[in-house]
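Below are the chains, spelled out letter by letter.
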Amino acid sequence: LSLFLALADLIYPAVCQTCGVRLKFTNTKFLCQDCLDEVSYTQAPCFLSYEKKVYFDKLWSVCIYNGVVKKCIHLFKYKNRLCLLNAFEEMLTNFTKKFVDIEKIDWLAPVPLHRTTFSQRGFNQSRLLAKSLSKAFDKRLCNCLLKARPTVSQSGLTKHQRSANVKGVFKIKKTTNIKDKTILLIDDVFTTGSTINECSKVLRRAGARSVEALTLARGA
Ligand SMILES: [Zn+2]
C-alpha cells in the first residue's frame, strides 16, 4: 500500500488544500499542521443567545466559522474537495468523544438539501458528516427529514429573513416513526440557527423526545 501511495504521490502530489504547501504522502487530512493549528475550537457545550422560541435542547459546534475552517467548508461544498472529509471527520469525532453524550442519542439526522440542490452538488455535506459520526459511534443514520422546496441561500440575509426563508420548508418522511427518539441533528454551519430550529420544530412536533444539534462550525 505504501508503494502505491508513493507512486500516486508522484503523479498527484499531495498539497495542503488551504495554503498549497507540499505534504507527505502519508498525510490523509490534506491539510498541513500549520493550517490545522489555526482552527479555533469552541468551548462546549455551546448555547447561543436566541430570543425566539428554541426547539432544540442543546447545541454544539466544533469550531468557529472563520479562517482555515471557513475556507475548507467552501472548498468542500462548492469545489468538490471531498478529500477534506477526513479532517472534518477527525474534528467531529474527537469533539463528540469529549463533549457530546452520544450514548443517549438514538438517531443521527442530517439537515437535508432540496433535491435540486442535491443533484447540482452531487452530495449533501451534512449527510457525509453524519455518516462519519454514524460509523465512528455505531449510531443509526436516519434521513428522516426532507426539504420540500428550494430556498435562496441563507448567506446575506438578515436574521428575520433567514427565519422566514426556511419557515415550513422541512417535512418528516412519512415512512419514519420518530416518536420518543432522541435525535442529534447534524449540519455543517450554524449561523442564526433558523435552519436547525426549523428542523427541530418539525421533529418535536412529530413526537421526538429530544432534539440536539451538532455542527462542524458556527458563526463567530
Ligand atoms: Zn496549510
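Before going into details, it helps to say that this report is about the structure given with it. Everything quoted here is computed from the prediction, not taken from an experiment. (Residues numbered from 1 in each chain as written. Predicted model: local features only at pLDDT ≥ 70, side-chain atom pairs only at ≥ 80, totals over all residues. Heavy atoms only, no water.)

### Details of the nonpolar core
Here is a general trend for soluble globular proteins: nonpolar side chains tend to be buried in one another's company.
Alright, step 1. Counting residues in hydrophobic clusters, the biggest one holds 41 residues, and the most contacted among them are Ile73, Phe88, Met91, Leu184, Ile186 and Leu214.
Alright, step 2. The contacts of Phe88, once residues within four sequence positions are left out, are Cys72, Ile73, Phe76, Leu129 and Leu216.
Alright, step 3. Among the nonpolar cores identified, the runner-up in size contains 22 residues, and Cys142, Ile183, Cys199 and Ala213 belong to it. (Core = buried A, V, L, I, M, F, W, Y, C linked by side-chain atoms within 4.5 Å. Buried < 20%, exposed > 50% of the residue type's maximum accessible area, 1.4 Å probe, protein only. Contact = heavy atoms within 4.5 Å.)

### Observations regarding the coordination of the zinc ion
Alright, step 1. Looking at the metal site, the zinc ion is ligated by Cys16 (SG), Cys19 (SG), Cys32 (SG) and Cys35 (SG), spaced 2.3 Å from it.
Alright, step 2. Considering all 4 donor atoms around the zinc ion, angles at the metal cover 105 to 117° and the coordination shape is tetrahedral.
Alright, step 3. Coordination of the zinc ion draws on donor residues from a single chain, spaced C-x2-C-x12-C-x2-C in sequence. Remark: Cys35 occurs in helix α2 (residues 33-37) and Cys19 occurs in the loop between α1 (2-11) and α2; sequence separation between them is 16 residues. (Donors = N, O, S within 2.8 Å, 3.2 Å for Na, K, Ca; no water. Tetrahedral: all angles 85-135°; square planar, octahedral: opposite > 155°, others 65-115°. Helix = DSSP H or I, 4+ residues; strand = E, 2+ residues; numbered from the N terminus.)

### Here's the deal with the pairing of strand β7 (residues 210-218)
Alright, step 1. With respect to burial, β7 is a largely interior element, 9 of its 9 residues being buried.
Alright, step 2. For strand β1 (residues 58-64) and β7, the ladder comprises 6 bridges, and the chain directions are parallel. Across the sheet, Lys58 pairs through a bridge with Glu212, a residue of β7. (Pairing = 2+ DSSP bridges.)

### Things to note about helix α6 (residues 125-137)
Alright, step 1. In this model α6 runs 19 Å from its N-terminal to its C-terminal C-alpha over 13 residues, within 8% of the 18 Å that 1.5 Å per residue would give.
Alright, step 2. All of the buried residues along α6 are Gln125, Ser126, Leu129, Ala130, Ser132, Leu133, Ser134 and Phe137.
Alright, step 3. The opening residue of α6 is Asn124, an N-cap whose side-chain oxygen sits 2.9 Å from the backbone nitrogen of Ser126.
Alright, step 4. Following α6 by one or two positions, Asp138 has its phi on the positive side, about 55°. (Expected span 1.5 Å × (residues − 1). Polar contact = N/O pair within 3.5 Å; in protein donor to acceptor, adjacent residues only side chain to side chain.)

### A look at the packing of helix α4 (residues 85-99) against α6
Alright, step 1. Orientation of α4 relative to α6, taken along the N-to-C sense of each, is 55°, at an axis distance of 10 Å. Judged on the interaxial angle alone, α6 and α4 are oblique. Crossing hand, α4 versus α6: right-handed. On α6, the residues touching Leu85, Phe88, Glu89, Leu92, Thr93, Thr96 and Lys97 of α4 are Leu128, Leu129, Ser132, Leu133, Lys135, Ala136 and Phe137.
Alright, step 2. Broken down by class, the residue content of the contact of α4 with α6 amounts to 8 nonpolar, 3 polar and 3 charged. (Axes fitted to C-alpha atoms, helices over the stretch in contact; angles between N-to-C directions. Parallel < 35°, antiparallel > 145°, perpendicular 65-115°, else oblique. Left-handed = near helix turned anticlockwise from the far one by under 90°. Nonpolar A, V, L, I, M, F, W, Y, C, P; charged D, E, K, R; others polar.)

### Some thoughts on the layout of surface pockets
Alright, step 1. By volume, the largest pocket is sized at about 820 Å³.
Alright, step 2. Taken together, 34 residues make up the lining of the largest pocket; nearest its centre are Lys77, Tyr78, Ser153, Gln154 and Ser155.
Alright, step 3. Listing elements by their share of the lining of the largest pocket, those giving two or more residues are α3 (67-78), α5 (115-121), α6, α7 (159-166), β6 (182-190) and α8 (194-205).
Alright, step 4. Tallied by class, the residues present in the lining of the largest pocket amount to 13 nonpolar, 15 polar and 6 charged.
Alright, step 5. Considered as a void within the structure, the second largest pocket measures approximately 290 Å³ in volume.
Alright, step 6. Around the second largest pocket sit 16 residues that line it, and Pro112, Leu113, Phe118, Asn124 and Arg127 are the ones nearest its centre.
Alright, step 7. Of all the elements in the fold, those that place two or more residues in the lining of the second largest pocket are α5, α6 and β4 (145-147). (1 Å grid on protein atoms, 1.4 Å probe; cavity = no way out; pocket = protein on both sides within 12 Å on 5 of 7 lines; lining within 4 Å. Points joined across faces, edges and corners; volume = space filled by probe spheres on them.)

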